[in-house]
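Residues per chain, in single letters:
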Amino acid sequence: MQNIHKIKQDMCDIGRRIYNRQFAAANDGNITVRISDNEVLCTPTLHCKGFLTPEDISTVDMTGKQIAGRKKRSSEALLHLEIYKQREDIRSVVHCHPPHATAFAIAREPIPQCILPEVEVFLGDVPITKYETPGGQAFADTIIPFVAKTNVMILANHGTVSYGETVEQAYWWTEILDSYCRMLMLAKQLGNVSYLDQQKSKELLDLKDQWGYKDPRNTKEYEDCDICANDIFRDSWKESGVERRAFTPPPAMPAKPASSGNGQAMPAGINEEQLVKLITDEVMRQMKA
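Throughout this document, residue positions are counted from 1 along each chain, in the order its sequence is written. Given that the model is predicted, a residue must reach a pLDDT of at least 70 before its local features are reported, and side-chain atom pairs must reach 80 or more before they are shown or counted; all residues, however, enter totals for whole chains, interfaces and linings. For side-chain calculations, the full set of non-hydrogen atoms in the structure is used, while hydrogens and water are omitted.

A word on the sheet that holds strand β2 (residues 39-42)
Pairing is antiparallel in the open sheet, where seven strands are placed in the order β4-β3-β2-β1-β5-β7-β6. Looking at which strands have only one partner, the edges of the open sheet turn out to be β4 (66-68) and β6 (152-155). Pairwise comparison of adjacent strand axes, ignoring direction, gives a mean angle of 25° for this sheet. Judged from the four bridges that link them, strand β1 (residues 30-36) and β2 form a sheet pairing that is antiparallel. Residue pairing in the sheet places R34 in a bridge with V40 of β2. Any two residues having at least one pair of non-hydrogen atoms within 4.5 Å are treated as being in contact. Angles here are taken between N-to-C directions and fall from 0 to 180 degrees, while the axes themselves are lines fitted to C-alpha atoms, restricted in helices to the stretch in contact. To qualify as a helix, a DSSP run of H or I must reach at least 4 residues; to qualify as a strand, a run of E must reach at least 2; elements of each kind are numbered from the N terminus. Against the sheet, helix α3 (residues 99-107) engages β6 and β7 (159-164), with an angle of about 55° to β6. The pairing criterion is simple: DSSP has to find at least two bridges between the two strands.

In structure tokens:
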């Protein structure tokens, strides 16, 4: 049997952590936990998440109607409910405005891949949703194209939303993402961001699979994708206004090395156009010999 009071205490604890890390100013952010098929605990609107008490937590049904609690539920509860509707395995959702990740949301700059091992294992490709005015169902619907393939998203010009089996796990993904975004900015200031090579990137994907963390790059649907080029969500970039501006793309790293035509694998980091040039140069060299 669930201890509802303990779950509310956990939500308050995560609220304090969000506030103390400056992931939510004033009354920003919201936290939910699903406790049954039709009941979700929800933090209140217009209330600082750093100073919550269990008595402040309301209960809503899966339509968003408040069914218990002395304070009005968050105005953005519909976003959380849509995630629960799309993902039966999810029990908690955390939304806040971590400054470094939100900077990427404002710039609409995609999160580079194949740089930090922890990010490859725990997060994978992080999408940026299309912008919509917060609060309504249209806003909630912006997550639908992505929710099945990730546990954390950047909401364009808004913040982040992450979700998991517990409220702590849901929060972890946001903390990892913001820390990574900060590291990227610092490395950019130093003048260089170095990518892992294809072999080491593939090793991380193999570890991820062994440890039971899902990643679309480890499925048959994406067996031919470029594992470091944001291929999982790249098709959504145009509609969301996402474009690489601050970071150069990584070298080509196909998940399944292409054949060079003589039964040998194409060298790591070499795409088809580069291979054609290498072969042409070698033919010309042999003709001059």
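Observations regarding the state of the cysteines
Throughout, a disulfide means two cysteine sulfur atoms within 2.5 Å of one another. Taken as a whole and judged by the stated rule, the model has one disulfide. Between the sulfur atoms of C114 and its disulfide partner C228 the distance amounts to 1.8 Å. Around the S-S axis, the bridge from C114 to C228 shows a dihedral of about -80° and counts as left-handed. With C114 in the loop between α3 and α4 (117-122) and C228 in the loop between α7 (198-210) and α8 (237-240), this residue pair connects regions lying 114 residues apart in the sequence.

Quick look at the packing of aromatic side chains
Two rings belonging to Phe, Tyr or Trp (six-membered ring only in the last case) form a pair when the distance between their centres is within 6.5 Å. Interplanar angles under 30 degrees mark stacking, angles over 60 mark edge-to-face geometry, and anything in between is tilted. This structure, assessed with the given rule, holds six aromatic pairs. For the ring pair F23 and Y171, a centre distance of 6.4 Å and an interplane angle of 45° mean the geometry is tilted. Of the two residues, F23 sits in the loop between α1 (4-20) and β1 while Y171 sits in helix α6 (residues 167-190), which places them 148 residues apart along the sequence. This pair shows no difference in class: F23 is buried, exactly as Y171 is. Among the aromatic residues, those joined into a cluster by ring pairs are F122, W173 and Y213. Think of it in three bands: residues with accessible area under 20% of the maximum for their type are buried, residues over 50% are exposed, and the middle band is partly exposed, with areas taken using a 1.4 Å probe on protein chains only.

Digging into α6
Between its first and last C-alpha atoms α6 spans 35 Å; for 24 residues at 1.5 Å apiece the expected length is 34 Å, and the two agree. Of all the residues in α6, the buried ones are V167, A170, Y171, W173, T174, L177, D178, Y180, C181 and L184. Looking one or two residues past α6, G191 carries a phi angle of roughly 110°, positive in sign. Expected helix span is given by 1.5 Å per residue-to-residue step, counting one fewer step than there are residues.

Structural notes on the pattern of salt bridges
Definition used for salt bridges: Asp or Glu carboxyl oxygen within 4 Å of a side-chain nitrogen of Lys or Arg. Per the counting criterion, the structure on display carries 17 salt bridges. Across the pair R217 and D215 runs a salt bridge whose closest N-O atoms are separated by 2.9 Å. Grouping residues by exposure puts R217 and D215 together as buried. One salt bridge connects R234 with D231, and the closest N-O pair in it is separated by 3.6 Å. One network of salt bridges, with partners in common, ties together E120, K208, D215 and R217.

Brief notes about α1
One turn of the α-helix equals 3.6 residues, which is why residues spaced by three or four share an orientation. Counted at 1.5 Å a residue, the expected span for α1 with its 17 residues is 24 Å, and the 24 Å between its end C-alpha atoms agrees. Packed against the buried residues of α1 are β1, β2, β5 (92-96) and α6.

Focus on unusual backbone geometry
A positive phi angle, near 60°, is found at Q22, a position not held by glycine. As for its placement among the helices and strands, Q22 is situated in the loop between α1 and β1. The phi dihedral of N157 is positive, around 55°, even though this residue is not glycine. Owing to a relative accessible area of 39%, N157 belongs among the partly exposed residues under this scheme.

A few points about the pairing of β5
Counting buried positions along β5 yields five of five residues, so the element is predominantly enclosed. Side chains S92, V94 and C96 project from β5 onto one buried face, and the interleaved V93 and H95 project onto a second face that is buried too. The pairing of β5 with β7 spans five bridges and is classified as antiparallel. Paired with H95 across the bridge in β7 is V161.

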